[in-house]
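Geometric and topological summary
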Amino acid sequence: MTAAVTLPEDRWAAAVALIDAAPDATLVCHVAPDGDALGSMLGLARVLRARGLDITCTWGDERWAVPSSYTWLPDIDTVVPPSRVRAAPSLLVVLDTASRDRLGVLGPLADAAGSLVVIDHHAHNSGLDGVQLIDPAAAATAVVVEELVRRLVPAIDADTATLLYVGLVTDTGSFQHSVTTPAVHAVAGRLLAAGARPDAVAQQLWGSRPFGFAQVLGAALSRLSLEPAAVGGRGLVWTWTTTDDLAAAGLTLDEIEPVIEAVRATREADVAAVFKQDADGTFRVSTRSRGGTDVGAVCAGLGGGGHRLAAGYTSYDDAETTARKLLAALETAPQL
Ligand code: 5GP
Ligand code: MN
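Keep in mind the model is a prediction, meaning the values are calculated, not measured. (Residues numbered from 1 in each chain as written. Chains lettered and ligands numbered in written order. Predicted model: local features only at pLDDT ≥ 70, side-chain atom pairs only at ≥ 80, totals over all residues. Heavy atoms only, no water.)

So, the domain arrangement of the chain
- Taken as a whole, the chain is organised into domain 1 (9-205) and domain 2 (212-330).
- Broken down residue by residue, the surface that domain 1 buries against domain 2 is led by Arg63, Ser68 and His122, which jointly contribute 43%.
- The tally of links between domain 1 and domain 2 comes to 2 salt bridges.
- Summed over the shared surface of domain 1 and domain 2, the result is 4 residue pairs in polar contact (both at pLDDT 80 or more).
- Split into classes, the residues belonging to the side of domain 1 that touches domain 2 amount to 1 nonpolar, 5 polar and 2 charged. (Domains from an automatic or database assignment. Buried area = accessible area lost by both parts, 1.4 Å probe. Salt bridge = Lys/Arg side-chain N within 4 Å of Asp/Glu carboxyl O. Polar contact = N/O pair within 3.5 Å; in protein donor to acceptor, adjacent residues only side chain to side chain. Nonpolar A, V, L, I, M, F, W, Y, C, P; charged D, E, K, R; others polar.)

Some details on the coordination of the manganese ion (ligand 2)
- At this site the manganese ion (ligand 2) is bound by Asp36 (OD), Asp96 (OD), His121 (NE2) and Asp171 (OD), with donor distances of 2.2 to 2.4 Å.
- Spacing between the donor residues of the manganese ion (ligand 2) along their common chain follows D-x59-D-x24-H-x49-D. With Asp36 in helix H2 (residues 35-50) and His121 in the loop between strand S4 (115-120) and strand S5 (131-134), this pair connects stretches of sequence that are 85 residues apart. Across this residue pair, the class does not change: Asp36 and His121 are buried. (Donors = N, O, S within 2.8 Å, 3.2 Å for Na, K, Ca; no water. Helix = DSSP H or I, 4+ residues; strand = E, 2+ residues; numbered from the N terminus. Buried < 20%, exposed > 50% of the residue type's maximum accessible area, 1.4 Å probe, protein only.)

As for the site of ligand 1
- Around ligand 1 lies a shell of 14 residues, among which His122, Arg284, Ser286, Arg288 and Ala311 are the nearest.
- Take Ser286: an N or O atom from its side chain is 2.6 Å from an oxygen atom of ligand 1.
- Contacts to ligand 1 include Arg288, whose side-chain N or O atom sits 2.9 Å from an oxygen atom.
- The protein chains hide 86% of the 490 Å² of surface that ligand 1 would expose on its own.
- Only strand S9 (283-289), strand S10 (305-306) and strand S11 (310-315) provide two or more residues apiece to the shell around ligand 1.
- Sort the elements by how many residues they give to the shell around ligand 1 and S11 lands first, with 4 residues.
- Here the residues of the shell around ligand 1 are counted per class, giving 3 nonpolar, 7 polar and 4 charged.
- Of the residues that make up the shell around ligand 1, three or more belong to each of domain 1 (9-205) and domain 2 (212-330). (Near = heavy atom within 4 Å. Areas by Shrake-Rupley, 256 points an atom, 1.4 Å probe, with all protein chains shown as cover.)

Comments concerning the pattern of salt bridges
- In total, this model carries 18 salt bridges according to the counting rule given.
- A salt bridge links Arg86 to Asp54, with the shortest nitrogen-to-oxygen separation between them at 2.8 Å. With a gap of 32 residues between them, Arg86 in the loop between strand S2 (54-59) and strand S3 (91-95) and Asp54 in strand S2 connect regions that are remote in the sequence.
- Between Asp245 and Arg223 there is a salt bridge whose closest N-O contact spans 2.8 Å. With Asp245 in helix H9 (residues 243-249) and Arg223 in the loop between helix H8 (211-222) and strand S6 (225-227), the pair connects residues that are 22 residues apart, well separated along the chain.
- Under the relative-accessibility criterion, Asp245 is labelled buried at 13%.
- Note on Arg223: relative accessible area 22%, which makes it partly exposed.
- Linked by salt bridges that have partners in common, Glu9, Glu146, Glu147, Arg150, Arg151 and Arg190 make up one network.

Here it is as structure tokens:
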């Protein structure tokens, strides 16, 4: 069975040595954190705290807030805004963050820290030194964390298992993506054995949404466009949401993340895109491919990044211009 994470053994040892030498550590995930970013960070934090380190968890959003969809996570009350972090931590652990700009306002921490460990599964991780626990073939950052944690403690508790399971189940699309290998299910099995409850996690992640979500989804679907000739004839389906939609429904941006799920299955389009207007007027663009197009490369070309079949970027244009530029970029997208 291919391992869930493949890294040389001395790399793990180097990370463990840095952890053992540090009295304190700051754990940072990417801006606008998702389930894998938060679950990996908070899961590792529990283990490091148990080993006696003084731990701070944060991320570098300018308008910082705990995403409302994740307020139920164990230990979420321990996270602090970026203004409250130690200026020079003994150890900085960066999780699920493909590039330095995804550290947001916390970019300078990477230079100020005594030592650095980078834990990730993005293919194009770059711009940060330190011990690199990066496996682009890993299904989630949580899988890399689980492998590290097995080298730190003999067993994990139910809350740690739940946090890592959240990362695993979100980044594998509930074990539906092609990254779902036998080894991934073995990791899930260990997390369930340690006390993660898949029914409870699924209920929180997908079985509980505010009424306003259905209203914003309705607004998004009312603007849906299908361009069958786009992407070299493979097709694009796209729509957008506005800050007015959010205000009318009383929602925050993170709560409408699942809008893309409602459109990505469209058979006539290989690529789906949703542009979500943020409070500063920019659009957070989410893209997905049904398997034929490397949207990660396209989004990287537009200033963002991600994975081959799920990626994103920020657009500083209006919705129409955003669509025009995305259509142009998709014409030369790498075919899979
Ligand atoms: P989502 O559409 O769920 O926001 O993002 C899908 C994936 O694309 C994420 O898992 C993340 O890896 C990546 N991603 C989204 N936005 C950005 C961005 O602005 N920059 C980079 N580097 N990656 C992004
Ligand atoms: Mn991830």
